[in-house]
Amino acid sequence: MCLWCDCIRDGARLTISPSRSQVFEGVSVCLICEDDDGSAGWTVRRNTTRDTRTQCDDWGEATNSSCSIDYIDPFDTGVYWCESREGATSNSINLTVTGGSVILQSPVLPVMEGDDLTLSCQSKPPSNLPAAFYKDGSLIRTESTGHMTLHHVSRSDEGLYRCSISSHGESPPSWISVTGKRKAQRTPRLEQLAAVPKHRPQPPRSGASHASTQEVVEGGPQQSPPRQGERAPAGSDRQSPDLLGTGH
């Protein structure tokens with residue numbers, strides 16, 4: 001049975017326990033649809049070589065928005081995702097079940113650019129033998145500990161990985177995706193804020209009447225009586241020279 005994780009996420013996200021993309025035949029697996037809105041009614045679905053878009057009730061035990069498989073076998077290899085009653089979908093997870101004796105432990109979700117990627121080669125039964133790691137069919141290197149870390153990964157590290165242990169065999173391949181990081185919004189520093197010019201209200205100009213200002217606030221610019229030596233405006237839609245800032 002799955003242990004429910006009450007996590008808050010942006011939309012639904014599918015996670016798997018144990019968190020790996022390859023598992024040995026016979027282990028139990030739990031798939032969980034994490035969502036901040038339980039009313040969405042998320043259901044785990046899958047595509048395999050023998051069924052398409054089938055829901056958890058057909059091949060596992062459904063509890064709330066999670067699904068558990070007590071004994072997993074190679075026929076459970078496939079693509080899994082969460083789907084709501086309205087048809088919305090989550091991320092997908094590629095799960096490989098092997099009846100062999102070696103698996104590659106790799107991240108289930110895409111790796112962010114700049115992060116480290118750690119791969120582990122595990123045998124059944126466990127051993128402390130060296131493991132060789134391959135990408136797209138080419139040997140990367142052999143590690144005596146059975147673990148390999150790629151530092152500060154980039155898009156060029158994306159590809160199909162597998163591993164092998166002498167006298168045990170090799171793992172199935174797993175595709176590892178690398179995704180770009182979200183750009184964080186920078187917060188202005190204190191000195192940057194101090195350099196921003198501040199708008200200061202200007203005092204009333206000499207000769208501007210309180211009545212003219214009140215007209216702008218309440219009803220917009222209106223015709224003002226001409227001052228001595230000045231012609232009357234040609235139309236009533238012309239603003240007072242003082243309000244436009246052109247009077248002297």
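Residues numbered from 1 in each chain as written. Predicted model: local features only at pLDDT ≥ 70, side-chain atom pairs only at ≥ 80, totals over all residues. Heavy atoms only, no water.

Spatially, E1-E3-E7-E6 is the arrangement adopted by the 4 strands of the open sheet, whose pairing is antiparallel. Each having just a single partner strand, strand E1 (13-17) and strand E6 (61-63) make up the two edges of the open sheet. Sheet twist, expressed as the average angle between the axes of neighbouring strands with direction ignored, equals 20°. The pairing of strand E3 (residues 29-34) with strand E7 (residues 66-69) spans 4 bridges and is classified as antiparallel. Note that in E7 the partner of Cys-30 across the bridge is Ser-68. (Pairing = 2+ DSSP bridges. Helix = DSSP H or I, 4+ residues; strand = E, 2+ residues; numbered from the N terminus. Axes fitted to C-alpha atoms, helices over the stretch in contact; angles between N-to-C directions.)

Position of Val-111 relative to the elements: it lies in strand E11 (residues 111-112). The exposure class assigned to Val-111 is buried, which follows from its relative accessible area of 9%. For the pair formed by Val-111 and Gly-180, sequence separation is 69 residues and the distance between their alpha carbons is 8.6 Å. Each residue touching Val-111, except ones within four places of it in the same chain, is listed here: Asp-116, Leu-117, Val-153, Ile-176, Ser-177, Val-178 and Thr-179. (Buried < 20%, exposed > 50% of the residue type's maximum accessible area, 1.4 Å probe, protein only. Contact = heavy atoms within 4.5 Å.)

Time to look at the sheet that holds strand E4 (residues 43-48). Reading across the sheet, the 5 strands line up as E2-E9-E8-E4-E5 and stay open at both edges, with mixed pairing between neighbours. Only two strands of the sheet have a single neighbouring strand rather than two, namely strand E2 (22-24) and strand E5 (52-55). In this sheet, neighbouring strand axes are inclined to one another by 35° on average, regardless of whether the strands run parallel or antiparallel. Strand direction decides the pairing type here: strand E8 (residues 78-83) and strand E9 (residues 89-98), joined by 5 bridges, are antiparallel. Along E9, the bridge assignment pairs Tyr-80 with Ile-93.

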